[in-house]
Amino acid sequence: MDFEQAKTRVQELHELLNQYNYDYHVLDQPSVPDAEYDQRLHELIKLEQEYPELLVAHSPTQRVGGQILDAFEKVEHRTPMLSLGNAFNEEDLRDFDRRVRQAVGDRFSYVCELKIDGLAISLRYENGYFVQGATRGDGTIGEDITANLKTIRSIPLHISDEHTLEVRGEAYMPKKSFEKLNKVKEENGEMLFANPRNAAAGSLRQLDPKIAAKRSLDIFLYAMADAGKTGVRSHSEGLDLLDQLGFKTNQNRRKCATIEEVLAYVEEWSAKRPDLAYEIDGIVIKVDSFDQQDELGTTAKSPRWAIAYKFPAEEVVT
Ligand SMILES: NC(=O)c1cnc(N)c2cc(Br)sc12
């Protein structure tokens, strides 16, 4: 095979492997047996060894970085990462609804989403390439954990969208992975993680990406910074765009026209919570239209157009 043929084949393998990866890790619908994926990946590794000039940072072979970092660099978020005000009961939710109606009237809708109990992160794409990933930190300054986030297979290393994009989401450890990890730690006489959130945070703060890669972390993306710049006009349209771009979003979201529908969604998912493959600690409720979000504005800490309903703390049986 000459260089030009190798270049064409490398491009084909990028597309094939990215598609297989998307089907498996984003859609949860594997399209080929693992052996087929491994065979194609091995073919790409061999071609990159034979033609090093064909090895690029966004190659599917580059998910698990080499060197162990000494520390994490600080990253300033170009758009601050918000925190949410809390609601603890039906009355708090009705108060929130009254405040929204006072500001924007009765013609609006909410979007309800599961509040993932993980670690808030931000992904930065430039010209369609994943270039940096960071923790929320204090909302303005986070830590650069790009190497560890690259190991999360549901994070695309390249997207079709050419402009610069910042995508926010929650990295988490599925319940089964958490139980498996603690079982191994117990067998090794190591300290156990208290819960999947701590396990996810501890895994993403590993200085060695090879350790993070073994922790079966996953992610749900739920917002774009400056989403309006992409032309979408509401939060729900933004989530649909994230789906189209190949990101993993949580499909249990629902548009609600009234607070009664919001309360029904809260009730439904409070009951379904134990059967989910991941921990949630509440429900996020947002006014959908960006124009109406702008009318409501933001306090120093959190938006007036969103609230997080928190499930009551579970009784710990000692
Ligand atoms: N879907 C969402 O908006 C969402 C889900 N899960 C979370 N832990 C958070 C946190 C903020 Br802040 S928003 C959000």
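Given the structure is predicted, the values throughout are model-derived calculations rather than measurements. (Residues numbered from 1 in each chain as written. Predicted model: local features only at pLDDT ≥ 70, side-chain atom pairs only at ≥ 80, totals over all residues. Heavy atoms only, no water.)

Draft legend 1. Region of interest: the site of the ligand. Lining the immediate environment of the ligand, one finds L82, L84, E113, L114, K115, I116, E170, Y222, V284 and K286. A distance of 3.0 Å is found between a nitrogen atom of the ligand and a side-chain nitrogen or oxygen belonging to E113. Within the backbone of I116, a nitrogen or oxygen atom sits 2.9 Å from a nitrogen atom of the ligand. Here the ligand loses 89% of its free accessible area of 360 Å² to cover by the protein chains. When atoms are counted within 2 Å of each cavity's grid points, the one that captures over half of the ligand is the largest pocket. Elements that contribute at least two residues to the shell around the ligand include exactly β3 (110-116) and β10 (280-287). No other element matches the 4 residues that β3 contributes to the shell around the ligand. Among the residues forming the shell around the ligand, the class breakdown is 6 nonpolar, no polar and 4 charged. (Near = heavy atom within 4 Å. Polar contact = N/O pair within 3.5 Å; in protein donor to acceptor, adjacent residues only side chain to side chain. Areas by Shrake-Rupley, 256 points an atom, 1.4 Å probe, with all protein chains shown as cover. 1 Å grid on protein atoms, 1.4 Å probe; cavity = no way out; pocket = protein on both sides within 12 Å on 5 of 7 lines; lining within 4 Å. Sits in = over half its atoms within 2 Å of the grid points. Helix = DSSP H or I, 4+ residues; strand = E, 2+ residues; numbered from the N terminus. Nonpolar A, V, L, I, M, F, W, Y, C, P; charged D, E, K, R; others polar.)

Draft legend 2. Focus on the packing of helix α3 (residues 90-104) against helix α9 (residues 259-272). Packing of α3 against α9 brings their axes to within 10 Å, and their N-to-C directions diverge by 145°. Considering the relative orientation of α3 and α9, their crossing is right-handed. Of the residues in α9, those in contact with E90, L93, R94 and D97 of α3 are I259, E260, L263 and V266. Of the residues assigned to the contact of α3 with α9, the class counts are 4 nonpolar, no polar and 4 charged. (Axes fitted to C-alpha atoms, helices over the stretch in contact; angles between N-to-C directions. Left-handed = near helix turned anticlockwise from the far one by under 90°. Contact = heavy atoms within 4.5 Å.)

Draft legend 3. Just the pattern of salt bridges, in detail. Under the counting rule described, the total for this entry stands at 28 salt bridges. Put simply, R40 and E36 hold a salt bridge, and the shortest N to O gap is 3.3 Å. Here R40 and its partner E36 are both found in helix α2 (residues 34-50), 4 residues apart, which amounts to about one turn of the helix. Of the charged contacts in the structure, one is a salt bridge between R94 and E90, with a shortest N-O distance of 2.8 Å. On the criterion of helical spacing, the pair formed by R94 and E90 is a turn pair, its members being 4 residues apart in helix α3. By relative accessible area, which is 22% here, R94 ends up partly exposed. Connected via shared salt-bridge partners are R9, E12, E36, R40 and E43. (Salt bridge = Lys/Arg side-chain N within 4 Å of Asp/Glu carboxyl O. Buried < 20%, exposed > 50% of the residue type's maximum accessible area, 1.4 Å probe, protein only.)

Draft legend 4. Molecular detail of the side chain of N250. Structurally, the position occupied by N250 is in the loop between α8 (235-244) and β9 (254-256). You can call N250 buried: its relative accessible area is 10%. A polar contact of 3.0 Å, which involves the side chain of N250, links it to the backbone nitrogen of N252.

Draft legend 5. Summary view of empty space enclosed by the protein. Per the counting criterion, the structure on display carries 2 cavities of 30 Å³ or more. Within this model, the largest cavity holds a volume of roughly 60 Å³. Contributing to the lining of the largest cavity are V75, E76, H77, R78, S122, L123, R124, Q132, G133, A134 and E166. Listing elements by their share of the lining of the largest cavity, those giving two or more residues are β1 (74-76), β4 (119-126) and β5 (129-135). Class assignment of the residues belonging to the lining of the largest cavity gives a composition of 3 nonpolar, 4 polar and 4 charged. The volume enclosed by the second largest cavity comes to roughly 30 Å³. Considering the residues around the second largest cavity, the lining is formed by L17, N18, N21, Y37, P60, R63 and L157. (Points joined across faces, edges and corners; volume = space filled by probe spheres on them.)

Draft legend 6. Looking closely at the confidence of the model for the chain. Here the chain averages 96 in pLDDT, while 99% of its residues score no lower than 70. Scored as a complex, the prediction yields pTM 0.95 and ipTM 0.98. (pLDDT = per-residue confidence, 0-100.)

Draft legend 7. Layout of the environment of K180. On the secondary structure map, K180 appears in helix α5 (residues 175-187). Placed 73 residues apart in sequence, K180 and R107 show a C-alpha to C-alpha distance of 48 Å.

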